[in-house]
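What follows is the residue order along each chain.
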Amino acid sequence: MIDYIQPDYEVVRNKDLCIKCKVCVRQCANEVHVYDEKRDVLFADNSKCVNCHRCVTLCPAKALKIVKTDHCFKPSANYTKEIIYDIYRQADTGGVLLSSMGTPKDYPVYWDKILINASQVTNPSIDPLREPMEIKTFLGRKPEKIEYAADGSIKTEKYPNLELKTPIMFSAMSYGSISKNAHMCLARAAEELGTFYNTGEGGLHEDLYKYSPNTIVQVASGRFGVHADYLEAGQAIEIKIGQGAKPGIGGHLPGQKIGPDVSRTRMIPMGADAISPAPHHDIYSIEDLRQLVFSLKEATDYKKPIIVKIAAVHNIAAIASGIARSGADVIAIDGMRGGTGAAPSRIRDNVGIPIELALASVDSRLREEGIRNNVGIVVGGSIRSSADVVKAIALGADAVYIATPALLALGCHLCRSCHSGKCNWGIATQSPELVRRLNPDIGYKRLVNLVTAWSHEIMEMMGGMGINSIEALRGNRLMLRGIGLSQKELDILGIGHAGE
Amino acid sequence: MDEIEQRLAEVAEKNREGNVRIPSGCAICGYFSRKGKALPAVDAVDAMAYMHDRSNGLGGGFAGYGIYPDFADHYAFHIFYDNEKAREDAESFLKLRFDVSNMERIPTRKVYGISGAPLIWRYFGKLQPEIAAHTELDEEEYVCRSVIHINTKIKGAYVFSSGKNMGVFKGVGFPEDVGEYYRLGDYKGYCWTAHGRYPTNTPGWWGGAHPFNILNYTVVHNGEISSYDANRRFMEIYGYKCTLLTDTEVITYIIDYLHRKRGLKLPDVAKVIAPPFWSQIERMDAPEREKLTTLRNMYASLLITGPFSIILGYSGGMMALNDRLKLRSMVAAEKDDVTYISSEECAIRSICPDPDRTWSPAGGEPVIVELDNKEGGR
């Protein structure tokens, strides 16, 4: 059969620099690099290259680079190379196209069209190196009534809240989709940072129970790895309804990734595909969600906040309003640019809405309906920097979830090939020799560094605005201005245009 | 010439409070007699004159408590009208709901430096018993909503004072000129607060001057709060409409919400608005720590950041509060039973040359004074 697909990338080897140490050959799980002993030459099979930079990064002679191929079709703005190749692939296989990580398509990134304010003259900026700058955040339902006891102390209703030292949490990534070492890094970093990581729907490996004080456990449609001790181990329980990269779609972890450990953790047979249904089969409507929320609360004695995670879709405001009345304590919204370990390409690239618009309309709707204090709002799905965090909080979020930046900190190079299971960086793989490449002692420290750096930057930006407490930034949309946005977009975001 | 005037009028209308957000610098001053002595308003006028350079002639005002002993149990509505039509509309609205015992133009005098005054009227009225009986709201809430109705629905009418046995007098001009204009020499009360405004804009609307009032609460405020929109959007959840877009308006609503509607004690209101830092809270004894943690979490969006010094006047009391970093000057002093608060000490010494003590209240530490005998103010 003719292979219609030509490589996207070319490995360029500088023969003057190459010392033929063959590190590239050993490091590439995709077997791109080959050493021909007879001719004493190294060459590369470009068709296997996913452009993950493992060889480039580890080459001691710095003799390698990967370039985008200049091999081309007759140019067409309509039938692009990507579209043509997708058609070839489907004609080859008859299958649904799969991809990983967030969509590469050129959708508007509203974060980059929003500008942050700063103080000048009428109001002093605050230097976070000299003055206290508070970013501690409580996540969960707030009490409504307040009464004084005879001794002057106050009495309110009590709702469980998560306490975050920084408004950044690690988003759900399951053990199975990522390696145990990656999970270990996230858990240890969350502990050191005073924040939380999220198990995803793959259960909790027995070695990680000790990080329980910084763990959010997820209950998803497959119910993998859910049992009493697991629920107890979480400080909050997240019901996953949807994911930004694949709204309306379940999950599929191929049997080859279900080794002994994953099998035990997920409580499913070894080698069996782990298929999460698209919906929860006990939630076909909002009143069913309420029952699951309260089942989980009953199971954990009303001591843990319940998070409901939904993908950002068109009717998000009404859905969130329903969830806020369902007994849930936190709504997590995942935007369409969010990452995934594997999703059907067409879904990832075409379904859902950007998180900025979803967040703004949810926050506005909950306020209009007077139920904003019923729930915390956490947003994820492409929070890429501390500036995105500041903008999200000013639009109305209580905290953010990050996942792709966390993986990048661990060495991910966004080659978007997680679904192959051959992650050269030891992150999205279960292959023991690859997993070993991710050193948890180093990895967790890099995560701590990343979030610490972001936290410092958040404080700098807050100080510039003359704000010394994160709660005064939350929902403070006057601190934001749009640039190059239409009136409709500004209206949805609830912000003015720059210069207004 | 007419064209220029017309254009200026258009600019003024475009930049009027409610259409844009106008940050202001300011001077504030207040004094309070715990024994309920009738203190002259002219002291406040004199004190403000000492801080002349903290205002720029675009707003000044005064609030006095205990000033209408003859009508102590009537709501005293002070209303600005742009025209007679507005007055007719507002009066017919009021008369349907209140038994009005007295109505008059507020006496004023011509003063150089004061121009463009609206029609200024006052009404003393009681809520009609049948209305009080039928409404689902308590009386104060009903009155509050009536005021908001006039201010937002009746074009050209603006209620700028609506409490009992108290009143606000404000306008566009330097505070000492505004005091002269309203003939404040004729008034005495147990508490006076005053405000001189330095807006970074050219508004010419009298309603935009301070003190800001709702029911018996008045707030004078110096500062620009950086938390404004977080505070505003939280208050709007509870039905408050921030139409003027000013800091003072939202601060007044926050206090009204926490103190009147939620029943929080004033020291706790201060702890919500300007709470201690978490690092301080963590070092506190368990009961206090728990209380402050609950308050900060519960009313997180009512925390005010950025510089402010405010003086809150209320029936029978006065509270002064600085932001938690003390980014605005505010000095307090005492002489016998009278407590003084001012942006600058010179203003206090101009009316009380030898106070028993003066001090600079720490950021977030409220100074609260109340009448020894709650009835004393009458």
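This text follows the structure it describes.
A quick note: this is a predicted structure, and the numbers were derived from the prediction, not measured. (Residues numbered from 1 in each chain as written. Chains lettered and ligands numbered in written order. Predicted model: local features only at pLDDT ≥ 70, side-chain atom pairs only at ≥ 80, totals over all residues.)

Here we come to the overall build of chain A. Counting its secondary structure elements, chain A contains 15 helices and 23 strands. Expected size for 500 residues packed as a compact globule is a radius of gyration near 23 Å; at 24 Å, chain A falls within 12% of this value. Split into buried and exposed, the 500 residues of chain A put 50% on the buried side. Excluding contacts between residues fewer than 6 apart, the proportion of contacts in chain A whose partners are at least 24 apart in sequence is 69%. (Helix = DSSP H or I, 4+ residues; strand = E, 2+ residues; numbered from the N terminus. Rg over C-alpha atoms; globule rule 2.2 N^0.38 Å. Buried ≥ 20, exposed ≤ 12 C-beta atoms within 10 Å, placed from the backbone. Contact = placed C-beta atoms within 7 Å.)

Taken together, the contacts link 33 residues of chain A with 30 residues of chain B. For the side of chain A that touches chain B, the class distribution of residues is 12 nonpolar, 12 polar and 9 charged. (Nonpolar A, V, L, I, M, F, W, Y, C, P; charged D, E, K, R; others polar.)

Our next topic: the nonpolar core. In a soluble, globular protein the nonpolar side chains are often hidden away together inside. All names here are of chain A. Grouped together as the largest cluster of nonpolar side chains are 257 residues, with contacts concentrated most on I331, I333, V378 and V400. If one sorts the elements of this core by residue count, helix α14 (residues 440–465) sits on top with 10 residues. Mapped onto the domain boundaries, this core takes at least three residues apiece from domain 1 (9–95) and domain 2 (137–497). Other than its neighbours up to four places away in sequence, V400 contacts P167, I168, V378, V379, G380, I383, V389 and A392. (Core = buried A, V, L, I, M, F, W, Y, C linked by C-beta atoms within 7 Å. Domains from an automatic or database assignment.)

Residues and elements named next belong to chain A. In space, the 8 strands of this open sheet follow the order β11-β21-β20-β18-β17-β14-β13-β12, with parallel pairing throughout. A strand with exactly one partner marks an edge of an open sheet, and here the two such strands are β11 (168–170) and β12 (197–198). Of the strand pairs in this sheet, β12 and strand β13 (residues 215–219) are connected by 2 bridges, and their pairing is parallel. Across the sheet, the residue bridging to N198 is I216, located in β13. (Pairing = 2+ DSSP bridges.)

Our focus in this paragraph is the sheet that holds strand β23 (residues 496–497) of chain A. Residues and elements named next belong to chain A. Read from one edge to the other, the open sheet built from 3 strands follows the order β6-β22-β23, with strand pairing classed as mixed. Pairing within the sheet leaves two strands with one partner each, and these edge strands are β6 (114–116) and β23. Two elements, β6 and strand β22 (residues 480–482), share 3 bridges in a ladder whose sense is antiparallel. Across the sheet, the residue bridging to L115 is R481, located in β22. Most of the contacts of helix α11 (residues 386–395) go to β6, to which it runs at about 95°, and overall it touches β6 and β22. (Axes fitted to C-alpha atoms, helices over the stretch in contact; angles between N-to-C directions.)

Residues and elements named next belong to chain A. As a packed pair, helix α8 (residues 316–324) and helix α10 (residues 355–368) sit with axes 8 Å apart at the nearest point and diverge in direction by 50°. What the angle tells us is that α8 and α10 run oblique. Along this stretch, α8 crosses α10, giving a crossing that reads as right-handed. Along its contact with α8, which presents I316, A317, A320, S321 and A324, the element α10 presents A358, S361, V362, R365 and L366. Looking at the contact of α8 with α10, its residues break down into 7 nonpolar, 2 polar and 1 charged. (Parallel < 35°, antiparallel > 145°, perpendicular 65-115°, else oblique. Left-handed = near helix turned anticlockwise from the far one by under 90°.)

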